[in-house]
Amino acid sequence: MFGTPRAKVFIAVALVGVMVIAQLLVFVTQEPSNNDIDDIGGVDEVGSTYESEITFHTADDSTVIIGSQVADTIEERETGLMYVSSLPEDEGMLFDLGESRNVTLWMKNVEIPLDMIFVDKDMRIINIEEASVELQNTSDSELIRYYSGSPALYVIETNGGFCSDNGITPGTRDRKSV
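Residues numbered from 1 in each chain as written. Predicted model: local features only at pLDDT ≥ 70, side-chain atom pairs only at ≥ 80, totals over all residues. Heavy atoms only, no water.

Asks: Explain the overall build of the protein to me, and be specific about the residues and the numbers.
Replies: A count of helical and extended segments in the protein gives 3 helices and 10 strands. Of the regular secondary structure in the protein, the N- to C-terminal order runs α-β-β-β-α-β-β-β-β-β-β-α-β. A burial count over the protein gives 36% of its 178 residues as buried. Taking the intrachain contacts of the protein between residues at least 6 apart in sequence as the baseline, contacts between residues at least 24 apart amount to 64%. Of the roughly 10400 Å² that the protein leaves accessible, carbon and sulfur atoms contribute 55%. (Helix = DSSP H or I, 4+ residues; strand = E, 2+ residues; numbered from the N terminus. Buried < 20%, exposed > 50% of the residue type's maximum accessible area, 1.4 Å probe, protein only. Contact = heavy atoms within 4.5 Å. Areas by Shrake-Rupley, 256 points an atom, 1.4 Å probe, with all protein chains shown as cover.)

Right, here's the structure in full:
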């Protein structure tokens, strides 16, 4: 009975399903630690861009919540916050990179200073860069580069000074829930 090709495929599909369910159970039951981003979730689909809420846990056990747009396509990540002239202090943009990798960003056509928060696959803040506005006519080769420092899965951009104003530092953990 289990020696037929059809039976083997059925068993393989069933095992994969069990493994996926087990991974989801482990993920859902994880508790956030102090100094972390507790939640990146609560999504409402608006075209291919989602509105989301991110909860930061600071060193003094307080929380800071911001609303965010999610840039999860190549086009959305390339555009980011270009040409945005203001950003409410409780908003930002979450860049879902789809896979962990070293990230380099710049501020071409970005009109406001930003904090760039680089987050790794373990949902830990690995680096925070304070990025200033570049001159309009700066060539690509002259733009300042901002680096993750190690592989990042997400980048969160907020108003410049957000992290220092709210006690958000590298090394804190976060948890994603969708």
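From this point, the discussion proceeds with the structure in view.
Asks: Go over the side chain of E134, please, and point to the residues and values.
Replies: Considering the arrangement of structural elements, one finds E134 in the loop between β7 (125-131) and β8 (146-147). Put simply, E134 is tucked away with no salt bridge, and the nearest opposite charge, on R145, sits 7.1 Å away. In this structure the side chain of E134 is engaged in a polar contact, spanning 2.9 Å, whose partner is the backbone nitrogen of I144. Residues within four places of E134 in sequence aside, it is in contact with M107, L143 and I144. (Lys, Arg positive; Asp, Glu negative; His and termini not counted. Salt bridge = Lys/Arg side-chain N within 4 Å of Asp/Glu carboxyl O. Polar contact = N/O pair within 3.5 Å; in protein donor to acceptor, adjacent residues only side chain to side chain.)

Asks: Break down the pairing of strand β6 (residues 114-119) for me, citing the residues and quoting the values.
Replies: Here β6 lies mainly inside the structure; 6 of its 6 residues are buried. Burial of β6 is two-sided: the residues L114, M116 and F118 facing one way and the residues D115, I117 and V119 facing the other way are all buried. Bridging between β6 and β7 involves 6 bridges; their strand directions are antiparallel. The partner of M116 across the bridge, within β7, is E129. Taking the residues that link successive antiparallel strands as the turn, the β6-β7 hairpin has 5 residues, and the phi of M123 there is positive, at about 65 degrees. In the sheet, β6 pairs with strand β9 (residues 152-159) via 6 bridges, with the strands oriented antiparallel. Residue pairing across strands places M116 opposite E157, the latter belonging to β9. (Pairing = 2+ DSSP bridges.)

Asks: Lay out the pattern of salt bridges with the relevant residues and their values.
Replies: Within the structure shown, the criterion is met by 3 salt bridges. We note a salt bridge from R101 to E99, for which the minimum N-O separation is 3.9 Å. As a salt-bridge pair, D140 and K108 come within 2.5 Å of each other at their nearest N and O atoms. With D140 in the loop between β7 and β8 and K108 in the loop between β5 (104-105) and β6, this residue pair connects regions lying 32 residues apart in the sequence. In this structure D140 comes out as partly exposed when scored by relative accessible area, which is 34%.

Asks: Please give an account of unusual backbone geometry that cites residues and values.
Replies: Residues other than glycine seldom take positive phi values, yet Y83 does so here, at roughly 65 degrees. Relative to the assigned elements, Y83 resides in the loop between α2 (74-79) and β4 (91-101). Backbone geometry at N109 places phi at a positive 60 degrees, although glycine is not the residue there. In this fold, N109 is placed in the loop between β5 and β6.

Asks: Describe in detail the confidence of the model for the protein, supporting the description with residues and values.
Replies: Summary statistics for the protein give a mean pLDDT of 75 and a share of 68% for residues scoring 70 or more. Of all the helices and strands in the protein, strand β1 (residues 36-46) carries the lowest mean pLDDT, 42, while β8 carries the highest, 96. This model gives residues 13-36 a pLDDT under 50, and the stretch forms 22 contacts once residues within four places in sequence are excluded. Across residues 38-50, where pLDDT falls below 50, the model places 43 contacts with residues more than four positions away in sequence or in other chains. (pLDDT = per-residue confidence, 0-100.)

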